[in-house]
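Observations on the three-dimensional arrangement
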Amino acid sequence: MGFRQLWESLLPIGRARSGDGWLRYGWSPAELACRDWFAAQAKERGLTVHTDGNGNLFAWWGDPDAGDAVVTGSHFDSVPHGGAYDGPLGIVSGLLAIDELRARGATPVRPVAVAAFAEEEGSRFGVACLGSRLLTGELDPVRARALTDRDGVTLAEAMASAGADPTRLGPDPVLPRIGAFVELHIEQGRALADLDAPVAVASGIWPHGRWRLRFTGEGNHAGTTRMADRRDPMLTAAYTVLAANKEARLRGGHATIGRLQPEPNATNAVPASVSAWLDARAPDQAGLEALVEAVRVRAVERAGRDGTEVTMTAESVSPAVTFDPALRDRLVEVLDGAPVLPTAAGHDAGVLAGHVPTAMLFVRNPTGVSHAPAEAATDEDCRAGVRALADVLEALACR
Ligand code: HGY
Ligand code: MN
Ligand code: MN
């Protein structure tokens, strides 16, 4: 089966009715349908599917108990109205790379698996890379079970209603069987377009994280409350949005407030509170800490002037990642000197990198857009990605 045919079989799942991107949140019916698709594709290829206690799927070619496996894969879940490629491209490419290796007559001497990790974007339960963090013991299962989505549904409840057992969350025996992990991903920028190359190898990931800001004031009547008497948390939130942008620009980092939740969210009421989510990233840890602290200080100062209050809580923080240098160099050699790029985007590969030798491949994205429907890759580049992944798997697992 070629790239286009397999890709199109997945494309309708979770597509927004408006046609405006994809809505595939962790443990939602759309994401569960993607998992069914994965199981069917694995079965067609004679691969054995194993689901760990965290809802991460592994389709095995060879005996997982043999250990020292070479695992590839990514995630199905999306951000709200996200693009088609972020995540699924790595899974589809993994399945096609196995087809390619079989067509080449390659015989693995190490087990090979394609993985689909649960809730990588954290769009539903707030913590990025939920499945891989649980698998590696980096997230406490007690905290995870209690995470809630926007409707107040806990992860434990969402899992139970999908027929999964939330008491099984946590480190899983599959981890020590993985000898190397290679995630293929759509590039989330324009570096490859500018370099005129279809595929790159990743060097590392910027440290980054998410912080929840909660601004509280006094809910009141929009018509009758004198301007001087207001304690409006929306003003503090608005100022903080601008301050985050300014601090990031001054410091060479990235800061975004892309999600706001005013309460009661009424046109004719001064809000009583506003929740805002800060996504902050920087080239190094000290820079990230300084950026987040600067935003906090600016928010607190402004709250003093608005008669409001602000609290800030970390929801999901990821340290800087440098991918295994020996594995990175091996990939560059196998791929005839492919370019090496850093990224400011988080990935399950970044979590696994703390536990097993890990690498990443990026496939050119001519728009450079990601986390939005304009995210793109040509079929030709996707096929080049599959060949590159097959080359890498062959080099690592087949001889
Ligand atoms: O948000 C991120 O960095 C990633 O794309 N999950
Ligand atoms: Mn993403
Ligand atoms: Mn991704």
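On a predicted model such as this, the values are computed, not experimentally measured, just so you know.

Another point: the site of ligand 1. Residues in close proximity to ligand 1 include Asp86, Glu120, Glu121, Gln188, Arg281, Ala345, Gly346 and His371, which together make up its full environment. Between Arg281 and ligand 1, the recorded distance is 2.6 Å, taken from a side-chain N or O atom to an oxygen atom. Take Gly346: an N or O atom from its main chain is 2.7 Å from an oxygen atom of ligand 1. Considered on its own, ligand 1 offers 220 Å² of accessible surface; in the complex 93% of this is hidden by protein. Considered class by class, the residues forming the shell around ligand 1 number one nonpolar, three polar and four charged.

For the rest of this paragraph, the subject is the coordination of the manganese ion (ligand 2). Within the first shell, the manganese ion (ligand 2) binds the protein through Asp86 (OD), Glu121 (OE), Glu121 (OE) and His371 (NE2), at distances of 2.0 to 2.8 Å. In this structure, the manganese ion (ligand 2) lies 3.6 Å from the manganese ion (ligand 3), and both are coordinated by Asp86. Linking Asp86 in the loop between strand E3 (69-75) and helix H3 (88-104) with His371 in the loop between strand E15 (358-363) and helix H12 (379-397), this pair joins segments that are 285 residues apart in sequence. Residue Asp86 is classed as buried on the basis of its relative accessible area, which comes to 5%.

The next point concerns the packing of aromatic side chains. Scanning the model with the defined rule gives seven aromatic pairs in all. Ring geometry for Trp37 and Phe76: centres 6.0 Å apart, planes at 90°, overall edge-to-face. One end of the pair, Trp37, is in helix H2 (residues 29-44); the other, Phe76, is in the loop between E3 and H3, and 39 residues separate them in sequence. Ring centres of Phe117 and Phe181 lie 5.7 Å apart, and the angle between their planes is 90°; on these two criteria the pair is classed as edge-to-face. Placement of Phe117 in strand E4 (residues 112-117) and of Phe181 in strand E5 (residues 178-186) is noted, with a sequence separation of 64 residues between them. A relative accessible area of 1% places Phe117 in the buried class. Note on Phe181: relative accessible area 0%, which makes it buried. An aromatic cluster of at least three residues, connected via ring pairs, comprises Phe58, Trp60, Phe117 and Phe181. Arg259 extends its terminal NZ or CZ atom over the ring of Trp277, reaching a point 3.7 Å from the ring centre. Lying over the aromatic face of Tyr239, Arg305 brings its terminal NZ or CZ to 5.6 Å of the ring centre.

Moving on, we get to the nonpolar core. Core analysis: the largest hydrophobic core is formed by 56 residues, its most contacted members being Trp37, Phe38, Leu89 and Leu361. In terms of residues, this core owes the most to one element, H12, which gives ten residues. Setting aside residues up to four positions removed in sequence, Leu361 forms contacts with Val182, Glu183, Leu184, His185, Val199, Ala200, Val201, Leu331, Leu335, Ala388, Leu389 and Val392. The next biggest cluster of nonpolar side chains, apart from the first, holds 25 residues, and it includes Val71, Leu192, Ile205 and Leu341.

Going from Glu263 to Pro264, the amide bond is cis rather than trans, its omega being 5°. Residue placement: Pro264 occurs in the loop between strand E9 (254-263) and strand E10 (269-270). In this structure, Cys129 takes a positive phi of about 55° despite not being glycine. Inspection of the secondary structure puts Cys129 in the loop between E4 and helix H4 (130-135). The phi torsion at Asp196 lies on the positive side, around 60°, for a residue other than glycine. Along the polypeptide, Asp196 turns up in the loop between helix H7 (191-195) and strand E6 (199-205).

Taken as a whole and assessed by the stated rule, the structure comprises 20 salt bridges. Between Asp391 and Arg104 there is a salt bridge, with its nearest N and O atoms 2.9 Å apart. Separated by 287 residues along the polypeptide, Asp391 in helix H12 and Arg104 in helix H3 bring together distant segments of the chain. With relative accessibility at 32%, the residue Arg104 sits in the partly exposed group. In this structure, Arg298 engages Glu247 in a salt bridge whose closest nitrogen and oxygen atoms are separated by 2.6 Å. With Arg298 in helix H9 (residues 285-306) and Glu247 in helix H8 (residues 233-251), this residue pair connects regions lying 51 residues apart in the sequence. Taken individually, Arg298 and Glu247 each receive the classification buried, so the pair is uniform in this respect.

Rules behind the numbers
Residues numbered from 1 in each chain as written. Chains lettered and ligands numbered in written order. Predicted model: local features only at pLDDT ≥ 70, side-chain atom pairs only at ≥ 80, totals over all residues. Heavy atoms only, no water. Near = heavy atom within 4 Å. Polar contact = N/O pair within 3.5 Å; in protein donor to acceptor, adjacent residues only side chain to side chain. Areas by Shrake-Rupley, 256 points an atom, 1.4 Å probe, with all protein chains shown as cover. Nonpolar A, V, L, I, M, F, W, Y, C, P; charged D, E, K, R; others polar. Donors = N, O, S within 2.8 Å, 3.2 Å for Na, K, Ca; no water. Helix = DSSP H or I, 4+ residues; strand = E, 2+ residues; numbered from the N terminus. Buried < 20%, exposed > 50% of the residue type's maximum accessible area, 1.4 Å probe, protein only. Phe/Tyr/Trp six-rings, centres within 6.5 Å; stacked < 30°, edge-to-face > 60°. Lys NZ or Arg CZ within 6 Å of the ring centre and 35° of its normal. Core = buried A, V, L, I, M, F, W, Y, C linked by side-chain atoms within 4.5 Å. Contact = heavy atoms within 4.5 Å. Salt bridge = Lys/Arg side-chain N within 4 Å of Asp/Glu carboxyl O.

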